[in-house]
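Inside the fold
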Amino acid sequence: MSIAVGKDLPVTLSFDICIVGAGASGLTIASNFVDGYRVVGVLESGGASDRPLASDPGDGDVAGLPYARLSTSRLRGFGGSTQTLGWGGICKPLDPQDFTARPWVADSGWPFEIEELYPYYDRARETLGLGIETVTQRKAIFPQRSHVISVDTAELCPHYRLGKHLRQVVERSRAVKVLTNVTVLHLDFAEDRTSIRAAICVDARDQRFHVVAKVFILAAGGIENARLLMLSNHSAGRPQGLEGQYFMDHPRFTIGTLTPADGKVRAVMAGMDRIRIARRQRIARKFGLDRERHFYVNGLTLPFTMQEKLQLLNYRAWIEPCYLGQDFRSFDNMKVALLHERDRLIISGQTPNWRLVLKGMNWTKGMHIARPQWLARRFRLHHFIEPEPLAASCVSLSSKKDRHGLSLVSLCWRLSSRTIQSLKQTIYILQQELTQSGLGRLDVTADEWAQLDQPMWTWHHMGTTRMHVDSSKGVVDADCRVHGVRNLFVTGSSVFPTAGNDTPTMTIIALAHRLSDHLAGLLS
């Protein structure tokens, strides 16, 4: 079979497995069935080209904390949010502590420990082209001077554009058929409301058809998974459970400037510039250089033992170099302009115009394009904190409608007071330890502290169909099956009970491999 535009379709299509969404999760699951005898259908609302599309022509509502435009928060198309203008390719498993029920973190704990995912992290490494070793350990970066200032290591994966990487595998398969430009409106429940009878869809020409299957998998992203479940429950007259609740994203804050005490500390910090390392990786890939080399990036963090002792949430800070004569306001304005350009490109479907980067060139912009390591003198910290699960942070159905007359979503993003307090305490610890160890100083202005009321988002949509063995505390069980529905599964970061300190994609793919094994056993 093949990748084809969904048009001129029969009224009914039949598959063994129906996957909604051709992003990281959906394509990973499909790739596990390419050589089998089970017929797999993947329904993707975007196209098959390299141009990503907005998640919906219209925006939903945003309440609570400010958030990005919902229509550009996730990308449609073959590859989902791993397409151009999407994911940057930074990979790391969740940490062991993320899976445990921590008494100081409300509603924490997964139905299993990290060891359950070890074999699937191995398979995720193969999918993403990562190195042999799974990065999970933290280490002191200056062990002779401080056992507190630690680094958290992640890897830049070669196959970060998963649609391109898996396209040929899918195209050669006789078992997998991908239909693009097909929108799933809702799932039709059987009369007893304990199984799904069909997916009700519209094709590229807005003609209705339906898909029947033995198993249905929602792999449409952290917001759309919840929306489809809520729409389907409403259509069937089923009561809503926790669908949409516990929405999480990794809040990020730019707080503090680190001034190293000496040249050695400065050189180590300059070597942690992830943007510079990512550019080297992209150039090496483009020109076929160092094909066997793996690129790693480090962020500042605290030891697990200290986080547990002080009852802190998980955390990482990325380092950004500052140069002599830099105008911070000019640089921040450049970042805002680039984000607006990204949104415009996604909505318009146009290709990037890199002349924007050169427009209004000045010293600050030039330094951050060139990023000369030897000229970096100070470093700004971009903090990422694990959000404590919070039921009041949620996705619900909006009064606004899409072009099919169905409700869009309303997002109310909230952070608990513990999340903010944990970040403040972590920054205080870094300040104190840098000074006492003689490594440098971390200066924070009053305006920067005020940013704690205005977090930036990271486009990581998690938790809205959370995993728990108890149906009153989760939407899916430990096998990612929707509680009370025999043949409906959900995959992706929407099933995460907790979020870790960043980088969810490797765990998303590991969970997709795990669900593939479960379905293979179930269908056999």
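Our subject is the structure listed above.
Here is a short report on the structure shown in this document. Keep in mind it's a predicted model, so treat the numbers as computed, not measured.

Looking now at the overall build of the chain. Across its full length, the chain holds 14 helices and 21 strands. Taking 24 Å as the expected radius of gyration for a compact globule of 524 residues, we find that the chain reaches 23 Å, a close match to that expectation. Overall, the C-alpha framework of the chain stretches about 70 × 50 × 45 Å when taken along its three principal axes. Out of the 524 residues in the chain, the part that is buried amounts to 57%. When contacts within the chain are restricted to residue pairs at least 6 apart in sequence, long-range pairs at least 24 apart make up 75% of them.

For the structure shown, the criterion picks out eight aromatic pairs. Relative to Phe 247, the ring of Tyr 67 has its centre 6.0 Å away and its plane inclined at 80 degrees; by these criteria the two rings are edge-to-face. Of the two residues, Tyr 67 sits in the loop between β5 (61-64) and α2 (70-73) while Phe 247 sits in the loop between α5 (224-236) and β14 (252-260), which places them 180 residues apart along the sequence. Look at Phe 247 and you get buried, because its relative accessible area is 2%.

A few words now on unusual backbone geometry. Where the residue is not glycine, phi is negative for most of them; where a peptide bond is considered, it is trans in most cases. A positive phi angle is found at Arg 371, which is not glycine, with a value near 50 degrees. The residue Arg 371 is located in the loop between α11 (363-370) and β17 (376-385) in this model. Residue classification places Arg 371 among the buried positions, given a relative accessible area of 6%. Phi angles above zero are rare outside glycine, and Thr 503 is one such case at about 50 degrees. Of note, Thr 503 is situated in the loop between β21 (488-490) and α14 (505-523). A relative accessible area of 5% means that Thr 503 is categorised as buried.

On to the environment of Glu 243, then. Topologically, Glu 243 is positioned in the loop between α5 and β14. Sequence spacing of Glu 243 and Val 409 is 166 residues, and the spatial spacing of their C-alpha atoms is 12 Å. Discounting chain neighbours no more than four positions away, the residues touching Glu 243 are Leu 229, Met 230, Asn 233, Val 395, Thr 464 and Val 475. Among the polar contacts listed, one links the side chain of Glu 243 to the side chain of Asn 233, at a separation of 3.2 Å.

Moving on, we get to the nonpolar core. Counting 81 residues, the largest nonpolar core has Ile 19, Leu 128, Val 211, Ile 217 and Leu 488 as the members making the most contacts within it. It is α14 that contributes the most residues to this core, nine residues altogether.

The strand order across the open sheet formed by three strands is β5-β19-β18, and the pairing between neighbours is mixed. Taken across any chain shown, the strands that pair with only one partner, and hence form the sheet edges, are β5 and β18 (394-401). Each strand of the sheet is rotated relative to its neighbour by a mean of 30 degrees, with strand direction disregarded. Bridge count between β18 and strand β19 (residues 407-413): five bridges; the pairing is antiparallel. Within β19, the residue paired with Leu 397 across the bridge is Val 409.

Here we come to α11. Taken residue by residue, α11 has Thr 364, Lys 365, Met 367 and His 368 as its buried positions. Projected onto a plane normal to the axis of α11, the buried residues spread over an arc of 160 degrees and lie on a single side. In the stretch just after α11, Arg 371 is the one whose phi turns positive, near 50 degrees.

Relative to the helices and strands, Leu 310 is located in the loop between α8 (304-309) and β16 (315-323). What makes Leu 310 partly exposed here is its relative accessible area of 32%. Taking the C-alpha atoms as reference points, Leu 310 and Ser 422, 112 residues apart in sequence, are found 9.2 Å from one another. Those residues in contact with Leu 310 that sit more than four places away from it in its chain are Gln 425 and Ile 429.

Before going further, it helps to examine helix α4 (residues 162-172). Looking at α4, one finds that the buried residues are Leu 162, Gly 163, Leu 166 and Val 170. Angular distribution of buried residues about the axis of α4 spans 85 degrees; they occupy a single face of the element. Seen from the open side of α4, the exposed residues pointing more than 90 degrees away from its buried face are Lys 164, Gln 168 and Arg 172. Buried residues in α4 make contact with β1 (3-5), α1 (24-31), α3 (118-128), β10 (176-180) and α14.

Structurally, His 186 is set in strand β11 (residues 183-189). Relative accessible area serves as the criterion here: at 15%, His 186 is assigned to the buried category. Leave out the neighbours within four places in its chain, and His 186 touches Ala 198, Ala 199, Ile 200, Leu 228, Leu 231, Ser 232 and Ser 235.

Across the ten residues that make up β17, a large majority, eight, are buried. Across five bridges, the pairing between β14 and β17 is antiparallel. From the neighbouring strand, Phe 253 faces β17, where its bridge partner is His 383. In terms of strand pairing, β16 meets β17 through nine bridges, oriented antiparallel. Its bridge partner lying in β17, Ile 319 is registered against Leu 381.

The contact between α1 and α14 brings their axes to 9 Å, and the two run at 35 degrees. Between α1 and α14 the crossing geometry is right-handed. Residues Ala 24, Ser 25, Thr 28 and Ile 29 of α1 pack against Ile 508, Ile 509, Ala 512, His 513, Leu 515 and Ser 516 of α14. For the contact of α1 with α14, the class distribution of residues is six nonpolar, four polar and no charged.

The rules behind the values
- In this convention, every chain numbers its residues from 1, walking through the sequence in written order.
- Confidence filtering applies because this is a predicted model: local features only for residues at pLDDT of at least 70, side-chain atom pairs given and counted only at 80 or more, and all residues used for totals across whole chains, interfaces and linings.
- Note that the side-chain values use all heavy atoms of the structure and ignore hydrogens as well as water.
- Only DSSP runs of H or I covering at least 4 residues are called helices, and only runs of E covering at least 2 are called strands; the numbering of each starts at the N terminus.
- Both definitions apply: the radius of gyration is a C-alpha atom measure, and the globule rule equals 2.2 Å times residues to the power 0.38.
- Each residue is placed in one exposure class: buried if its accessible area under a 1.4 Å probe, protein chains only, is under 20% of its type's maximum, exposed if it is over 50%, and partly exposed if it falls in between.
- Residues count as neighbours in contact if any of their non-hydrogen atoms are within 4.5 Å of one another.
- Side-chain rings of Phe, Tyr and Trp, where Trp is taken by its six-membered ring, are said to pair if the distance between their centres is within 6.5 Å; with planes under 30 degrees apart they count as stacked, over 60 as edge-to-face, and otherwise as tilted.
- Contacts described as polar in this section are N or O atom pairs within 3.5 Å, which, within protein, must combine one atom able to donate a hydrogen with one able to accept it, while residues neighboring in sequence count only if both atoms come from side chains.
- We call a set of buried Ala, Val, Leu, Ile, Met, Phe, Trp, Tyr and Cys residues a nonpolar core when their side-chain atoms join them within 4.5 Å.
- Paired strands, in this sense, are two strands between which DSSP finds at least two bridges.
- Here, axes are lines fitted to C-alpha atoms. For helices the fit covers the stretch in contact, and angles between N-to-C directions go from 0 to 180 degrees.
- By arc we mean the arc of the directions from the helix axis to the C-beta atoms, nothing more.
- Should the near helix be turned anticlockwise from the far one by less than a right angle, the crossing is termed left-handed; should it be turned clockwise, right-handed.
- Three classes are used, and their members are as follows: Ala, Val, Leu, Ile, Met, Phe, Trp, Tyr, Cys and Pro are nonpolar, Asp, Glu, Lys and Arg are charged, and the others, Gly among them, are polar.

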